[in-house]
Amino acid sequence: QVQLVESGGGLVQAGGSLRLSCVASVRTFSNYDVGWFRQAPGKEREFVTDKRWNGPTYYTDSVKGRFTISRDNAKNTVYLQMNSLKPEDTAVYYCAVRWRGASSYNTWGQGTQVTVSS
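Cut-offs applied
- Residues numbered from 1 in each chain as written.
- Predicted model: local features only at pLDDT ≥ 70, side-chain atom pairs only at ≥ 80, totals over all residues.
- Heavy atoms only, no water.
- Helix = DSSP H or I, 4+ residues; strand = E, 2+ residues; numbered from the N terminus.
- Rg over C-alpha atoms; globule rule 2.2 N^0.38 Å.
- Buried < 20%, exposed > 50% of the residue type's maximum accessible area, 1.4 Å probe, protein only.
- Pairing = 2+ DSSP bridges.
- Axes fitted to C-alpha atoms, helices over the stretch in contact; angles between N-to-C directions.
- Phe/Tyr/Trp six-rings, centres within 6.5 Å; stacked < 30°, edge-to-face > 60°.
- Lys NZ or Arg CZ within 6 Å of the ring centre and 35° of its normal.

**Q** Residue-level account of the overall build of the protein, with values.
**A** Check the secondary structure of the protein and you find zero helices and eleven strands. The order of helices and strands in the protein, counted from the N terminus, is β-β-β-β-β-β-β-β-β-β-β. Relative to a compact globule of 118 residues, whose C-alpha radius of gyration would be 13 Å, the protein shows 13 Å and is just as compact. Counting only C-alpha atoms, the protein reaches 40 × 25 × 25 Å along its principal axes. Across the 118 residues of the protein, 43% fall into the buried class.

See below:
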């Protein structure tokens, strides 16, 4: 069974940076799409970014130019570099994976809290 373990969350001032990491316990990580989602208090979980197994990358509009997703297939790890953080980025961040070609993300990490103070 696939397991995902996130790390790197914390408290940062507005304008600061954080890098989240997510390690996946899979045998062929390169065959998975990887993504980051977030859930703010009182809101539904929302898509942030993902990187497909074959390269394409997508971002929600609110993080374009500030967040960067990357992956190291040799380390079974996906990263989320977050720069110019804003208070509205405060949320629990979840990584997720899906087998290439799957219609939805179906395996989730436990989440890591990111808090941006103004």
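**Q** Report on the pairing of strand E9 (residues 91-99), specifying residues and quantitative values.
**A** Counted residue by residue, E9 has seven buried out of nine residues, so it is predominantly covered. In terms of strand pairing, E9 meets strand E11 (residues 112-117) through three bridges, oriented antiparallel. Residue pairing across strands places Tyr93 opposite Thr112, the latter belonging to E11. Sheet topology places E9 next to strand E10 (residues 107-108); two bridges connect them, and they run antiparallel. Bridge pairing links Val97 to Thr107 in E10.

**Q** Tell me about the sheet that holds strand E7 (residues 67-72), and please be specific about residues and values.
**A** Ordered by their spatial adjacency, four strands build an open sheet running E1-E3-E8-E7, and the pairing between neighbours is antiparallel. Each of the sheet's edge strands pairs with one partner strand only, and the pair in question is strand E1 (4-7) and E7. Across the sheet, the mean angle from the axis of one strand to that of its neighbour is 15°, orientation sign disregarded. As paired elements, strand E3 (residues 18-24) and strand E8 (residues 77-82) share six bridges and run antiparallel to each other.

**Q** Give a description of the packing of aromatic side chains that names residues and reports values.
**A** One pass over the full model with this rule turns up four aromatic pairs. Geometrically, the ring pair formed by Phe37 and Phe47 is edge-to-face, given 5.6 Å between the ring centres and 80° between the ring planes. Placement of the pair is Phe37 in strand E4 (residues 32-39) and Phe47 in strand E5 (residues 46-51), with a sequence separation of ten residues. Taking relative accessible area as the criterion, Phe47 reaches 30% and is therefore assigned partly exposed. A centroid spacing of 5.5 Å and a plane angle of 70° characterise the contact between Phe37 and Tyr105, whose relative ring orientation is edge-to-face. Residue Phe37 is located in strand E4, and its partner Tyr105 is located in the loop between E9 and E10; the two are separated by 68 residues in the primary sequence. Judged on exposure class, the residue Phe37 and its partner Tyr105 are both buried. Through successive ring pairs, a cluster of aromatic residues spans Phe37, Phe47, Tyr105 and Trp108. Between the NZ or CZ atom of Arg71 and the centre of the ring of Phe29, over which it lies, the distance is 4.8 Å. In this structure, Arg100 is placed above the aromatic ring of Trp53, and the distance from its NZ or CZ to the ring centre is 4.4 Å.

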